[in-house]
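Fold and geometry: a report
In case you want the letters, here they are:
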Amino acid sequence: MQDFGENIQQAHNEKLGRHLVAGMSIEPGETLLEERPLLVTPHWECGQLKCAQCLQESYVICRRCQVYPLCMDCTQHDSFECEFFASGSGKDICKDLLIKNYGICGLLKLLLLLEDPATRGDCQGLIEHPVNLEEHRHGEGMWQEHEEQVVRPLIESGLLGVLPSQQLSSDLLHAYCIRIDSNAFEVTARDGDTLKGVFVCGASLPHHCVPNVVVALDEQFNMKLYAAVPLQPGDIIYNSYTNPLMGTSQRQHQLRLSRRLECTCSRCLDPTEMGTHMSSMKCRECDEGYAVCEVDANGRPGDWSCLQCQALLPAASVHQLLAEVGGSLVEARGDLQVYESLLTQYKSMLHPNHFLLLDIKQNIASILRAAVLMNSMEQPCKKLLARRVELCSDLLPVCRAVVPGLSKLYAIGLFEYLMALQELVDIQFAESDLDKKGYVAQLRIASQVAKEALDLLRYEPENSAEGYLSDRISIELERIDSDLKKYGR
């Protein structure tokens, strides 16, 4: 299932458990790990049957086992699964098991992998991962959803009775659901639907909000981990399991829910978030200062203090403001003017890089991009195109700072900026708002942006979303270079 590079070693300590460390000096782009998924499954709440073989939408059932869905192009699926329900221990289980309870699909697949002697060993790294059931049972999270959509239907199906050697119980089934969620990466099917790919090793790396590896997933859901930055012997290999464009409190909340983890990485302990000020508030006492969250000796957050004048901002008022802005974002519902109004309303209260302002800017840029793609603006307004360029430009420094080294986040940001810039300058040149000299200058900027994006994506698999993005950027770069030859003389 896993293929470890010779440049890494397995290690263990009390805090991190089993983990990986660099065994030698490693350069950015060097492959550290390649892994096939243990299983790929729809999300628990998925109601649309998926083909057991290719995971496309399904409207027929396997003729042999009469349980697993197939698509019109696939005539068979995993032989052990099929035989189990056709003539094996599960032959008397109700045939509409998955039709009535498709949410159990992922857990059922894991149980049959454990039942099959040929694949049982592949699951050991997953099922040995410790789970504190009481913490999950009484905390926030997916316990109730697991109970209603997966555990209870599976128990009521009678399946536990035909898998006696596994000694299954309600708690053990919940533990398996938690392990599936904790070791899952979102992968994309050929039809564009999102699925969960469960990886025993690649998804169990320790977390750091500033990762030193890049996770690449190809169309067959195979994973490749490669170094994002230079690594020295003994460096721990870290991945990130949060959105890097979230502020510290939001990242930590997500980690508590998804991985029961209190993060104390360098970014979380830095009140300025690596100088980005993504959670900083505008000081209410001075014109130039920004307030950051004070943390006591035990790591508990307190009030907010201005870095300029040391004036205090009560934590309660900060939380109230953040809740207000978050609620307004939900109510905006894709309305461009509402987002612009929110940006105007709150920019005097938050740092320009505050994650909520960045969220608003991303929403505005996405609306403008969609409007152009759908040709809803028959003659695209140069003012709106310039606005999109400005917003994309605002996002780039933050993307660069929060994911250093080889960064897909920054590469995608560069691509969005490139497309916005090219569309704007092409119109400006066509309408004589730019002379030839000005147009060439902008083309040279676009060329550098395209080359930088391609450089960041050069280690991505060709048959991945990022690989296809590289192809698109290459085509755009060829067009830019052609225009430079034409007008740059």
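For the structure, see preceding data.
The following refers to the structure shown. If you're wondering where the values come from, they're calculated on a predicted model, not measured in any experiment.

Let's shift gears to the packing of aromatic side chains. The description of an aromatic ring pair rests on the distance of the ring centres and on the angle between the ring planes. For the structure on display, the rule yields nine aromatic pairs. With a centroid separation of 4.1 Å and 0° between ring planes, the pair formed by Phe-429 and Tyr-439 is classed as stacked. Separated by 10 residues along the polypeptide, Phe-429 in helix 14 (residues 408–430) and Tyr-439 in helix 15 (residues 436–456) bring together distant segments of the chain. Here Tyr-439 and Tyr-487 contribute two aromatic rings whose centre-to-centre distance is 5.7 Å and whose plane-to-plane angle is 75°, an arrangement assigned as edge-to-face. With a gap of 48 residues between them, Tyr-439 in helix 15 and Tyr-487 in helix 16 (residues 465–487) connect regions that are remote in the sequence. You can call Tyr-439 buried: its relative accessible area is 3%. By relative accessible area, which is 21% here, Tyr-487 ends up partly exposed.

A separate point is the environment of Val-40. Along the chain, Val-40 turns up in strand 5 (residues 39–41). On a C-alpha basis, the gap between Val-40 and Lys-109 in space is 9.0 Å, while along the polypeptide they are 69 residues apart. The contact partners of Val-40, leaving out residues within four places of it in the chain, are Leu-55, Lys-109, Val-187, Leu-195, Lys-196, Gly-197 and Phe-221.

With that settled, the discussion passes to unusual backbone geometry. Of note, Phe-221 is a non-glycine position whose phi angle comes to about 70°, a positive value. Secondary-structure assignment places Phe-221 in the loop between strand 10 (213–217) and strand 11 (223–227). According to the relative accessible area criterion, Phe-221 is buried, its value standing at 11%. Even without a glycine there, the phi angle at Met-274 is positive, about 65°. Position of Met-274 among the secondary structure elements: in the loop between helix 9 (266–269) and strand 12 (281–282).

The rules behind these values
Residues numbered from 1 in each chain as written. Predicted model: local features only at pLDDT ≥ 70, side-chain atom pairs only at ≥ 80, totals over all residues. Heavy atoms only, no water. Phe/Tyr/Trp six-rings, centres within 6.5 Å; stacked < 30°, edge-to-face > 60°. Helix = DSSP H or I, 4+ residues; strand = E, 2+ residues; numbered from the N terminus. Buried < 20%, exposed > 50% of the residue type's maximum accessible area, 1.4 Å probe, protein only. Contact = heavy atoms within 4.5 Å.

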